[in-house]
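Okay, here's what each chain looks like letter by letter:
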Amino acid sequence: MNTNRLSNNMQNALIKQMTKEAHASQIFLSYGCWADVKGYGGIANFLYRHSQEERNHMIKFMRYIIDRGGEARVEAIPAPPENPQNLTDCFNKVFQHEVDNTTAIYHIVDLAFQEKDWATWNFMQWFVKEQIEEEKLALELIDKLKIAGGDQATDESLFTLDKALEAAPDDVSLPQEATAENPS
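Under an unreviewed UniProt entry, the name given to the chain is Ferritin, and the source organism is Epilithonimonas arachidiradicis. Checking UniProt for the chain, the heading Subcellular location (unreviewed entry) contains the comment "Cytoplasm".

Now the structure itself:
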């Protein structure tokens with residue numbers, strides 16, 4: 001008896017997104033290493049935490065596929081892109097990555113709607129909300145760097161920005177703890 005409640009198209013789309021989240025985790029880990037080497041320990045810490053959050057998203061997709069009777073597959077991911085040239089480039093790349101991820105999330109939501117897969121459509125609403133927060137966070141990084149002076153920021157301004165990101169909360173919620181009442 002087939003107990004998989006996901007169509008082949010949906011399962012493949014979810015696996016593709018699971019892989020995309022794993023790749024995002026590696027990208028942010030790579031950018032964190034770059035920031036650490038450049039002496040931006042707070043920014044590195046922020047990016048390391050973001051890397052872990054992306055990995056948690058990957059696990060959330062994996063669990064959903066399995067819980068719906070599907071077969072989750074861990075697929076190879078590409079190497080992270082080259083290191084950013086500077087903080088402006090880094091934060092712009094973080095934002096662009098989030099926009100690309102939002103587009104991928106919307107694709108799955110659209111597929112769920114087309115297939116009338118209401119369970120997956122409902123599951124994906126958590127990610128729709130999450131992407132609003134992720135894009136907002138990335139835009140705030142860009143804005144803070146602009147306020148600090150952008151590429152012409154003083155060492156003092158960059159030090160302050162680095163310390164502000166270092167002081168941000170260090171805990172990342174686990175995906176299995178998310179509920180409809182508390183999706184974060």
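Trainee: Describe the overall build of the chain, and please don't skip the residues or the numbers.
Mentor: Within the chain, the secondary structure is distributed over 5 helices and 0 strands. The secondary structure elements of the chain, listed N-terminal to C-terminal, are α-α-α-α-α. The globule rule puts the C-alpha radius of gyration for 184 residues at 16 Å, and the 18 Å found for the chain is close to it. Based on the C-alpha atoms only, the size of the chain along its principal axes is roughly 65 × 35 × 25 Å. Looking at the chain residue by residue over its 184 residues, the buried ones come to 42%. Carbon and sulfur atoms make up 53% of the accessible area of the chain, which totals about 10,200 Å². Computed over 17 positive and 29 negative side-chain charges, the separation of the two mean positions in the chain equals 5 Å.

Trainee: Before we move on, could you go through helix 1 (residues 8-37) and cite the residues and values that matter?
Mentor: For helix 1, spanning 30 residues, the distance from its first C-alpha to its last is 44 Å, which sits close to the expected 44 Å at 1.5 Å a residue. After helix 1 finishes, the residue Gly 39 shows a positive phi value of roughly 95°.

Trainee: Let's hear about the environment of His 23: which residues, and what values?
Mentor: Relative to the elements of secondary structure, His 23 occurs in helix 1. Taking the relative accessible area as the measure of exposure, His 23 reaches 18% and is therefore buried. For the pair His 23 and Pro 78, spaced 55 residues apart in sequence, the C-alpha separation works out to 7.0 Å. Not counting chain neighbours up to four residues away, the residues in contact with His 23 comprise Ile 77, Pro 78, Ala 79 and Pro 80.

Trainee: Can you break down unusual backbone geometry residue by residue, with the values?
Mentor: One non-glycine residue, Lys 116, lies in the positive phi region at around 55°. Position of Lys 116 relative to the elements: it lies in the loop between helix 3 (87-115) and helix 4 (118-148). According to the relative accessible area criterion, Lys 116 is exposed, its value standing at 58%.

Cut-offs applied
Residues numbered from 1 in each chain as written. Predicted model: local features only at pLDDT ≥ 70, side-chain atom pairs only at ≥ 80, totals over all residues. Heavy atoms only, no water. UniProt positions renumbered as here; feature names shortened; annotations may be inferred. Helix = DSSP H or I, 4+ residues; strand = E, 2+ residues; numbered from the N terminus. Rg over C-alpha atoms; globule rule 2.2 N^0.38 Å. Buried < 20%, exposed > 50% of the residue type's maximum accessible area, 1.4 Å probe, protein only. Areas by Shrake-Rupley, 256 points an atom, 1.4 Å probe, with all protein chains shown as cover. Lys, Arg positive; Asp, Glu negative; His and termini not counted. Charge placed at Lys NZ, Arg CZ, Asp CG, Glu CD. Expected span 1.5 Å × (residues − 1). Contact = heavy atoms within 4.5 Å.

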